[in-house]
Amino acid sequence: MPPSPTPIPLFATTQLHLLDLEHAAEVSTSKLASTAASVSPTTRRTLQATGQALTGLLLSQCRTGLGGRLVGEFAPDPAIASDETRAADGSPRLSAHGIRVGDVVRVNDVAGKKAASGKDKDKDGESGAGPEGVVTRTSEKAIWIAFGKSGAVRKEDDEAVDALWGKKLWAIKLANDVTHRRMKQTMEKMAKMPESEYSHFMRVAFGYTTPLQPGAGDAAPDADAEVEFIDPTLNDSQKDAIRFALGSRDIALIHGPPGTGKTHTLIELIVQLVRRNKRVLVCGPSNVSVDNIVERLAPTKVPVVRIGHPARLLPSVLEHSLEVLTQTSDAGGIVKDIRREMDEKQASIRKTRSGRERRGIYDELKILRKEFRERESRCVDNLVRESSVVLATLHGAGGHQLKHQQKFDVVIIDEASQALEAQCWISLLHAEKVVLAGDHLQLPPTVKSSGQKSEKKSSDAESEELLKGVSLERTLFDRLLALHGSGIKRMLTTQYRMHETIMRFPSDELYEGRLIAGEAVKARLLVDLPYEVQSTDDTQEPLVFWDTQGGDFPEKAEEEIKGGALLGDSKSNEMEALVVARHVNNLVDAGLRPEHIAVITPYNGQLALLSRMLREKYPGIELGSVDGFQGREKEAVVVSLVRSNAEHEVGFLAEKRRLNVAMTRPKRHLCICGDSETISRGSNFLKHWMDFLEENADLRYPDAGDLL
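The model shown is predicted, which means the values in this text are computed figures rather than measured ones.

Now for the overall build of the protein. A tally of helices and strands in the protein yields 23 helices and 23 strands. If you take every contact in the protein between residues at least 6 apart in sequence, the share linking residues at least 24 apart comes to 76%. Accessible area of the protein: about 30,500 Å², with a carbon and sulfur share of 47%.

On to the sheet that holds strand E9 (residues 304-306). Pairing within the open sheet is parallel, and its seven strands lie in the order E9-E10-E8-E11-E12-E7-E13. On the outer flanks of this sheet lie E9 and strand E13 (489-491), each paired with one strand and no other. The mean angle between the axes of side-by-side strands here comes to 15°, regardless of whether they run parallel or antiparallel. Bridge count for strand E8 (residues 280-284) against strand E11 (residues 410-413) is four bridges, and the pairing is parallel. Residue pairing for E11: Val280 is matched across the bridge by Val410. Sheet strands touched by helix H13 (residues 421-428): E8, E11 and strand E12 (434-438). Its angle to E11, the strand with the most contacts, is close to 155°.

Along the chain, Arg249 turns up in the loop between helix H6 (236-247) and strand E7 (251-255). Taking relative accessible area as the criterion, Arg249 reaches 36% and is therefore assigned partly exposed. Note: C-alpha distance between Arg249 and Val410 (161 residues apart in sequence) is 9.9 Å.

So, on to helix H7 (residues 262-275). For H7, which comprises 14 residues, the first-to-last C-alpha distance of 20 Å matches the rise-based estimate of 20 Å (1.5 Å per residue) to within 8%. Of all 14 residues making up H7, twelve are buried, and the element is well covered by its neighbours. When we look at burial in H7, the residues that qualify are Lys262, Thr263, Thr265, Leu266, Ile267, Glu268, Leu269, Ile270, Val271, Gln272, Leu273 and Val274. With its phi angle positive at about 60°, Asn277 sits one or two positions after the end of H7.

Another point: the pairing of E7. Here E7 lies mainly inside the structure; five of its five residues are buried. Burial of E7 is two-sided: the residues Ile251, Leu253 and His255 facing one way and the residues Ala252 and Ile254 facing the other way are all buried. Sheet analysis places E7 next to E13, joined by three bridges and oriented parallel. Following the sheet pairing, His255 is matched in E13 by Met491.

On to the pairing of strand E3 (residues 104-109), then. Residues in a regular strand project their side chains so that they alternate between the two faces of the sheet. Within E3, six of the six residues are buried, leaving the element largely enclosed by the surrounding structure. Burial along E3 is two-sided: Val104, Arg106 and Asn108 facing one way and Val105, Val107 and Asp109 facing the other are all buried. As judged from the six bridges shared by E3 and strand E6 (residues 169-174), these two strands associate in the antiparallel manner. Bridge assignment links Arg106 to a residue of E6, and that residue is Ile172.

Looking at where Asp414 falls in the secondary structure, it is placed in the loop between E11 and H13. Residue classification places Asp414 among the buried positions, given a relative accessible area of 2%. Residues Asp414 and Leu394 lie 20 residues apart in sequence; the distance between their C-alpha atoms is 9.7 Å. Beyond its immediate sequence surroundings of up to four residues, Asp414 is in contact with Lys262, Thr263, Leu266, Cys283, Gly284, Pro285, Ser289, Ile293 and Ala437. For Asp414, the side chain forms a polar contact with the side chain of Lys262, separated by 2.6 Å.

Another aspect to go through is the nonpolar core. With 55 residues, the main nonpolar core has Met190, Ile251, Ile413, Trp425, Leu428 and Leu436 as its most contacted residues. Among the elements that line this core, the one with the most residues is helix H1 (residues 8-35), at six residues. In terms of nonpolar packing, the next biggest core, distinct from the first, is built from 39 residues, Leu443, Val521, Val626 and Ala697 among them.

What counts, and where the lines are drawn
- Residues numbered from 1 in each chain as written.
- Predicted model: local features only at pLDDT ≥ 70, side-chain atom pairs only at ≥ 80, totals over all residues.
- Heavy atoms only, no water.
- Helix = DSSP H or I, 4+ residues; strand = E, 2+ residues; numbered from the N terminus.
- Contact = heavy atoms within 4.5 Å.
- Areas by Shrake-Rupley, 256 points an atom, 1.4 Å probe, with all protein chains shown as cover.
- Pairing = 2+ DSSP bridges.
- Axes fitted to C-alpha atoms, helices over the stretch in contact; angles between N-to-C directions.
- Buried < 20%, exposed > 50% of the residue type's maximum accessible area, 1.4 Å probe, protein only.
- Expected span 1.5 Å × (residues − 1).
- Polar contact = N/O pair within 3.5 Å; in protein donor to acceptor, adjacent residues only side chain to side chain.
- Core = buried A, V, L, I, M, F, W, Y, C linked by side-chain atoms within 4.5 Å.

Below, the structure written as structure tokens:
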């Protein structure tokens, strides 16, 4: 008997409640980080190691960006650059950090002086707060930040950014109000929507009706008996997923385990849909996920428009971004002239000493920006309307460029299992047919409010208005799969990333043993890299396990060290970090390039410790959290599990999706460092993993005495 439908207004109301809790948790975290201990140099370094800040910056130039917004380019301060943080040409580069395109940041003066806006405090009551903006691009040599909200750059923003010239600066990540606001608006709209306005897809998504089956009388009209595939490299499981998605009338899930070519499959699907005269909206939770598709679509010559700021400004991506199209299209000529005039006025501010003249220029900029936005808006509307494929982040799909209810035949969401469900609905409220691609067996979106309860005591009546068992961690991909079963899903089964030995455990334990290693990757090792790597015990082994059992490698809670307020209840393990460092040394000594190595750990406390040990020695190495490394890959990956205690507590290592991410990042070499005695007691999954490593890895036991 099918489950009863989920009342849509009740679902939306519950999501609103959870979103408010999540936003409060995000604001609380960013406030703590930006006000901690008057932000000492040590605190700033800790924040950078945990992905919340970027230090050692100078403002190098300003220009006018999309929407008339003021974009500042921030480069590394050459005065504090060491030999290790310089590029091959000697120029300074940014240290490794966790700030990404789309993040909201505040730029502060290291000296703590207030911004020149004439205000002593910002809206949260913090003194000395610098201007806030959105990261539009990052590279190893600079980070670009657009200031002003929704294109409305105020005079105060101009002055605040102007005050940053010549100062030593740092940037701190803040809670993203734009994404939160758009999710709330969407859920509020859904809560008030009368049932008569529910689309067929909405009725399917909440169990009011069942999906229409391909092959039935009401199959999708574009479901051809034979699909003429364009890409000759597609494997059978990819072709099957594409046929299924084309034939579906309302919903198709494409399950792409690590390295199985999910994006490759989506590109063919998009091209096939366009050939059938379908208009497609493609979304993803991050700029990187969307830009990856833009880059891959470019060679197909499908007409596309990328809404928002491309993360990687490659020529193939730039050509399709609104930022360039508004300058190169016929209607973009006047817009371009106004932008040039604005840039000239912006540059003239620094040459003007008179306060009256500066205020006059700010006033002229305000008028120009208004005209710029009006002309650009008309240009953008025409460009989007004429495109076969429009691409945007999920929250970008709620931007003004798509506000005019532009109609799409199919909405595709990539990385759908990493997106909050409320975020997905921004693009789905009026969708007819939806394709979700992702892997629900890897990590869901990060939720900071998980397990928290509202401080406001609800009455019994209010409590009954919330759906039980609903959480932000449960994604739309998960929910649809549970609601309608595996009949709406197709899985990709050939992976092109990992050595067969690295792949075997996740395949058997999580993917029903269905993964197959592609011929080109199944036996490749570090020693086979296309540059000279010595043949050693490490470079000839795909899987190494340093077992620290025995109690000589104990974990510590961060409260026992320092920075506990910032790292929360994180853990670290100094002795295990020494094992990791030695293994990295051995790999580099054998000839492996540091940029081909990643060291990852589930705990921010351990990440901070490893950063201190390895960052300066190997500036090219990638250090990060397991969660932050999802979707990435390296030739060699070293994983530090940290947990080692007499109580055999493993904490969130018990989350198999987190460990799935950790063990599926490497191509040729995976090294695990951990205490099998502690880890194996955590869950059946962990016990099976430890047993597998004992049987299949090169098993090693470090000597604590040799490390000190």
